[in-house]
Amino acid sequence: MIRYLLVPGLLATLAGCGDETSSGYATPGAEYHLQEINGTAFLTRATITFPEKGHIAGYGPCNSWSARQSAPYPWFKATSIGGTEIACPDLDQEQIFYQGLAAMTLIEFSGPTLLLANDAGDEMLFQVP
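To keep things clear, this report deals only with the structure shown in the data block. (Residues numbered from 1 in each chain as written. Predicted model: local features only at pLDDT ≥ 70, side-chain atom pairs only at ≥ 80, totals over all residues. Heavy atoms only, no water.)

### Things to note about the nonpolar core
Nonpolar side chains in soluble globular proteins generally cluster together in the buried interior. The condition that has to hold: Within this scheme, the nonpolar core is defined by two criteria: the residues are buried Ala, Val, Leu, Ile, Met, Phe, Trp, Tyr or Cys, and they are joined through side-chain atoms within 4.5 Å. Exposed residues in this analysis have more than 50% of their type's maximum accessible area, buried residues have under 20%, and partly exposed residues fall in between, with area computed by a 1.4 Å probe over protein chains only. A helix here means a DSSP run of H or I that spans at least four residues, while a strand means a run of E at least two residues long, and both kinds are numbered starting from the N terminus. Note on definitions: a residue-residue contact is assigned when non-hydrogen atoms from the two residues lie within 4.5 Å.
Among the nonpolar cores identified, the biggest contains 24 residues, and Tyr-32, Ile-48, Phe-50, Phe-97, Leu-114, Leu-116 and Phe-126 are the most heavily contacted of them. Secondary-structure elements contributing two or more residues to this core are strand E1 (32–37), strand E3 (47–52), strand E5 (64–68), helix H2 (91–103), strand E7 (106–110), strand E8 (113–117) and strand E9 (123–127). Those residues in contact with Leu-116, other than ones at most four positions away along the chain, are Phe-76, Leu-101, Met-104, Leu-106, Ile-107, Asp-122, Glu-123, Met-124 and Phe-126.

### What about H2?
Basically, it comes down to this: Take the number of residues in a helix, subtract one, and multiply by 1.5 Å to get its expected span. Directions pointing from the helix axis toward each C-beta atom define the arc.
For H2, with 13 residues, the first-to-last C-alpha span of 18 Å sits near the 18 Å given by 1.5 Å per residue. All buried positions along H2 are accounted for by Glu-94, Phe-97, Tyr-98, Gly-100 and Leu-101. Each buried residue of H2 lies within a common arc of 160° when the element is viewed along its axis, so the set occupies one face. Facing away from the buried side of H2 by more than 90 degrees, the exposed set consists of Gln-99 and Ala-102.

Right under this line is the structure:
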């Protein structure tokens, strides 16, 4: 009888160990570089990484940034986006990048490619170099 009581408890514990956020689906240690926003080449540096469950981070054209992302895969919701505050000539591109991140609601990984999208048809295409 005790054996049957322990097994369900063990299974419930193990089920809680998985990472169902995008961090659990990203290539471990990969840095994805932004290539395009809505089909237009993004010519300055912007990256996204998935360092741990519920967190995303990277570099914009001017600053490093981080945010929370706790939606289960394939959903995406970047919240509390924050970063350093260093001025540079590409601040306008950085704003476009941050606004794009905040607007995305879906995420898809395919090998070295990462696609963020939303229901409005907006897309951000990233690649691991």
